[in-house]
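Structure assessment
What follows is the residue order along each chain.
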Amino acid sequence: MAISLATNAATDALALNRAPTSVGAQEVHKWMQDFNWDFKNNRTKYPTKYLMANDTKEQFKLIAKEYARMESVKDERQFGSLQDALTRMNAGNRVAPKWGETMKVVSNFLEVGEYNAIAASAMLWDSASAPEQKNGYLGQVMDEIRHTHQCGYVNYYFSKYFHDPAGHTDARRVRTLGPLWKGMKRVFADGFISGDAVECSINLQLVGEACFTNPLIVAVTEWASANGDEVTPTVFLSIETDELRHMANGYQTVVSIAHDPAAAKYLNTDLNNAFWTQQKYFTPVLGMLFEYGSKFKVEPWVKTWNRWVYEDWGGIWIGRLGKYGVQSPASLKDAKKDAYWAHHDLFLLAYAVWPTGFFRLALPSKEDADWFEANYPGWYDHYGKIYEEWRARGCEDPSSGFIPLQWFVENNHEIYIDRVSQVPFCPSLTKGASSLRIHEYNGKKHAFSDEWGERMWLSEPERYECQNVFEQYAGRELSEVIAELWGVRSDGVTLIGQPHVTKEGKLWTLDDIKRANCVFKDPLA
Amino acid sequence: MTTVNDNSYDAGIMSLNGKDFADEYFKEENQVVKESNTVVLVLKKSDEMDYIVEEMLVKIFQKKNPTLVIQDRGGYWWLKADNSIEIDCEYASDILGKPYTIYDLLVDVTSTVGRAYTFGSTFTITSELMGLDVKLQDVAA
């Protein structure tokens, strides 16, 4: 019969050429690349001066099904650990007090970076034309949403279990108070999402992620563990499991433009600008948080920087691209000087303005001072003596009425804020690669701490108009500003920031700050 | 588990301290990047990853590539080697006694310095410039 003949024919054919019983994820990935559009006239909302090639590949061959399964396993493991074993072990309250304060900043500021990276990678999805490249960027959009939640969760977790939750509880409303905030917005927001799309990719993926997430998200877990914090490694190592795909995205951005003549013309300048932009903030801030925000030290920050930034990122990423015309960043020498000294410069200023923090700081102990001098010869004569003077004047005790910011005024050590990076610096005390330069533009004065930022400003002054904290609060008394920007605890009078981390130490209030009569002044006015 | 060679965590200048470190660090010749053909891999500790490190990377891969250094850094394994590091998930599946795909592996691959990619069941991180010097391959459909 006809049907039997057809059935037999089909059975015979399948015996020779068997139908697949399942299809591998990478076969699906390959098949889906055929669902492409004609991008000859790509109309992106986010143009670039570079031409991104139409055949760029994605290194991990991800499809949505495997992506979702992979990420759900990561979340199950992370939240399982946090909500089960770590809670039963009271892990959130076993953290060294100084480190618990450090995590108020690290987790909350990283959350802002992750949030802006959602927009940055979505922008790159729109700019690219190769389907695989788009697929890589799209995965990153979803990753960044996950990371934003994870960072918020770290603050939430500590707000439940850390012995001093103030700051973890309300970081989002109080974080804008101090001078560290606007510099963080420069690297984590402006650097990622404004300007040329490829330039943003270099900032976010090739420098921010491939270079600085290794110290920021990997090395930080060693410091956390050393200081009794098992919460941060659980979350941050899980975050970083997505970062390797983001690093690959950044590398593939370079691959996609490598043969465009514009790359020979612009890429080295864009790379140097991105490197300087990112290092100008991350280098001093991370070094300060690790070394001054910990009781137990892992290794000198300059060694962490030398390993992850100079040797590995420099040699393995940038060095290998040399034959395609990529050069060693011209600002590297100054960046190396910063990696040795700039975090010490920054802590001096951060401690001087401690009332503006949403975290507590502590003067280096005798043990800390010995460690600093052993690892940074010359530290004591330059910085250590100043801390001894501040301690002798009672800077930790509210009854002294002494805020170290007053010492800067008394000794004519003027503090400026670099217009481009928004990082504060004191030209008469700095040992990092900073020196004062001032320009006037449209009737307004602008201070700069280095030639690299100055160059960026000279070519695009309208891009760097952010008002710094001295301009913003000029003429206003410090306690008024703190109260207005929610820098107090739930009693409405005690500051969140404090100049010590001891449980028995007295806590400063708004009245104590008011008695010191510190008034903001713009040094350029 | 640790092998001391040029790829060790504290090799070269990193073994120096204080002024000796500073003198080397600030030398003029060390103010530009130097091309390196090494790769770095960071693996988050987990049941599966600890087994893969001990049974595959130490016992098998390190014999093929003696430049591979593996160090315990608390929450993660830090690996560095010349040229490349590979992990075959079909073999991992055999020794773990359960299905274990490349995407299961990626759950605990925390960071990379170098060009990392997947092909079939193999995860590779290489110093080669994938997509520039060497074409990234698709699996056969």
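Residues numbered from 1 in each chain as written. Chains lettered and ligands numbered in written order. Predicted model: local features only at pLDDT ≥ 70, side-chain atom pairs only at ≥ 80, totals over all residues. Heavy atoms only, no water.

**A closer look at the interface of chain B and chain A**
Definition in use: What makes two residues a contact is simply this: any of their non-hydrogen atoms within 4.5 Å. Once two parts are brought into contact, the accessible area they lose, counted with a 1.4 Å probe and summed over both, makes up the buried area. Take a side-chain nitrogen of Lys or Arg and a carboxyl oxygen of Asp or Glu: if they are within 4 Å of each other, that pair is a salt bridge.
Every contact between the two is made by 67 residues of chain B and, on the other side, 65 residues of chain A. Buried area between chain B and chain A, both sides added, is near 5800 Å², and the carbon and sulfur share of it is 57%. Area buried by chain B at its contact with chain A is led by Y25, V33 and Y103 of chain B, which between them contribute 13% of it. The tally of links between chain B and chain A comes to 10 salt bridges.

**Topic: the sheet that holds strand β1 (residues 38-44) of chain B**
Filter applied, for reference: Whether two strands pair depends on DSSP finding at least two bridges between them. Only DSSP runs of H or I reaching four residues or more are called helices, and only runs of E reaching two or more are called strands; each is numbered from the N terminus. Here an axis means a line fitted to C-alpha atoms, over the contact stretch when the element is a helix, while the angle between two N-to-C directions is reported on a 0 to 180 degree scale.
Overall, antiparallel pairing links the four strands, which are arranged β2-β3-β1-β5 (chain B) in an open sheet. In this open sheet, the two edge strands, each paired with only one partner strand, are β2 (69-72) and β5 (109-113) of chain B. The average undirected angle you get between the axes of adjacent strands in this sheet is 15°. Here seven bridges tie β1 of chain B to strand β3 (residues 76-82) of chain B, and the two strands are oriented antiparallel to one another. For V42 of chain B, the partnering residue across the bridge sits in β3 of chain B and is W78 of chain B. Helix α8 (residues 197-226) of chain A contacts β1, β3 and β5 of chain B of the sheet and is inclined by roughly 125° relative to β5 of chain B.

**Quick look at the environment of L82 of chain A**
Residues and elements named next belong to chain A. When you line up the elements, L82 lands in helix α3 (residues 64-88). Sequence separation of L82 and W308 is 226 residues, and the distance between their C-alpha atoms is 28 Å. In this structure, L82 is in contact with T87, Y153, Y157, V231, T234 and V235, ignoring residues within four places of it in sequence.

**Looking at the packing of aromatic side chains**
Spelled out, the test is: The aromatic pairing rule takes the rings of Phe, Tyr and Trp, using the six-membered ring of Trp, and pairs them if the centres are within 6.5 Å, calling planes under 30 degrees apart stacked, those over 60 edge-to-face and the rest tilted. Buried residues are those whose accessible area, probed at 1.4 Å on protein chains only, stays under 20% of the maximum for their type, while exposed residues exceed 50% and partly exposed ones sit between those limits. Think of it as a cone above the ring: NZ of Lys or CZ of Arg counts as a charge over the ring if it is within 6 Å of the ring centre and within 35 degrees of the ring normal.
Counted according to the given criterion, the structure contains 45 aromatic pairs over all chains. Pairing Y387 of chain A with W390 of chain A gives two aromatic rings, centres 5.6 Å apart and planes at 80°, and the pair type is edge-to-face. In this pair, Y387 of chain A and W390 of chain A are both assigned in helix α14 (residues 379-392), three residues apart and thus about one turn of the helix distant. According to the relative accessible area criterion, Y387 of chain A is buried, its value standing at 2%. By relative accessible area, W390 of chain A is classed as buried at 0%. In this arrangement the basic side chain of K134 of chain A is found over the ring face of W125 of chain A, its NZ or CZ atom lying 4.1 Å from the centre. Stacked on the ring of Y9 of chain B, the Lys or Arg R73 of chain B has its end atom at 3.7 Å from the ring centre.

**Digging into the pattern of salt bridges**
In the structure shown here, the tally under the stated rule is 50 salt bridges over all chains. With its nearest N and O atoms 3.0 Å apart, the salt bridge here joins D370 of chain A to K366 of chain A. Linking D370 of chain A with K366 of chain A, this pair stays in helix α13 (residues 366-375), spanning four residues, or about one helical turn. In this structure, K59 of chain B engages E55 of chain B in a salt bridge whose closest nitrogen and oxygen atoms are separated by 3.1 Å. A residue pair is termed a helical-turn pair when its members lie 3 or 4 positions apart in one helix, as K59 of chain B and E55 of chain B do in helix α2 (residues 47-64) at four residues. Via salt bridges that share partners, E71, K74, D75, D143, R146, D242 and R245 of chain A belong to a single interconnected network.

**Comments concerning the sheet that holds strand β6 (residues 115-119) of chain B**
All names here are of chain B. In space, the three strands of this open sheet follow the order β4-β7-β6, with antiparallel pairing throughout. Here the strands that pair on one side only, and so sit at the sheet edges, are β4 (84-88) and β6. Sheet twist, expressed as the mean angle between neighbouring strand axes with direction ignored, is 15°. In this sheet, strand β7 (residues 122-126) lies alongside β4 in antiparallel orientation, the contact comprising five bridges. Along β7, the bridge assignment pairs D88 with T122.

**A look at the packing of α8 of chain A against helix α10 (residues 261-292) of chain A**
Residues and elements named next belong to chain A. Test applied: Roughly parallel means an angle under 35 degrees; roughly antiparallel, over 145; roughly perpendicular, 65 to 115; everything else is oblique. Two helices crossing with the near one rotated counterclockwise from the far one by less than a right angle form a left-handed crossing, whereas a clockwise rotation gives a right-handed crossing.
Across the interface, α8 lies against α10 with an axial gap of 9 Å and an inter-helix angle of 20°. Classed by the angle they form, the pair α8 and α10 counts as roughly parallel. As for how α8 packs across α10, the hand of that crossing is right-handed.

**With respect to a negative patch on the surface**
All names here are of chain B. Convention followed: Patch rule: a residue counts if its relative accessible area is over 30% and it has no salt bridge; like charges are joined within 9 Å, and nonpolar side chains (Val, Leu, Ile, Met, Phe, Trp, Tyr) within 5 Å. Note on areas: Shrake-Rupley, 1.4 Å probe, and residue coverage restricted to the protein chains presented here. Residues counted as positive are Lys and Arg, residues counted as negative are Asp and Glu, and His and the chain ends are not counted. The location of each charge is read from NZ of Lys, CZ of Arg, CG of Asp or CD of Glu.
On the surface, E86, D88, E90 and D94 cluster together to form a negatively charged patch. Those elements giving two or more residues to the negative patch turn out to be β4 and α3 (89-96). With respect to the secondary-structure elements, D94 resides in helix α3. A relative accessible area of 60% places D94 in the exposed class.

**Considerations on the packing of α8 of chain A against helix α11 (residues 301-318) of chain A**
Two quantities define a packed helix pair, namely the angle between the axes and the distance from one axis to the other. All names here are of chain A. Under the convention used in this document: Classes in brief: Ala, Val, Leu, Ile, Met, Phe, Trp, Tyr, Cys and Pro nonpolar; Asp, Glu, Lys and Arg charged; the others, Gly included, polar.
Running from amino to carboxyl end, α8 crosses α11 at an angle of 145°, the nearest separation of the two axes being 10 Å. The two elements α8 and α11 meet at a crossing, and its hand is right-handed. Two secondary-structure elements touch here, α8 through L206, V207, A210, C211, F212, N214, P215, V218 and A219 and α11 through W301, T304, W305, W308, V309, W313 and W317. Residues of the contact of α8 with α11, tallied by class, amount to 14 nonpolar, two polar and no charged.

**So, helix α5 (residues 131-161) of chain A**
Convention followed: To estimate the expected span of a helix, count its residues, drop one, and scale the result by 1.5 Å.
Helix length check: α5 of chain A (31 residues) gives 45 Å between terminal C-alpha atoms against 45 Å at 1.5 Å per residue, within 8%. Burial analysis of α5 of chain A places 22 of its 31 residues in the buried class, which makes it a mostly covered element.

**What to know about the pairing of β2 of chain B**
Residues and elements named next belong to chain B. Judged from the four bridges that link them, β2 and β3 form a sheet pairing that is antiparallel. Paired with Q71 across the strands is W78, a residue of β3. Hairpin connection of β2 to β3: three residues between the antiparallel strands, including G74 at a positive phi of 90°.

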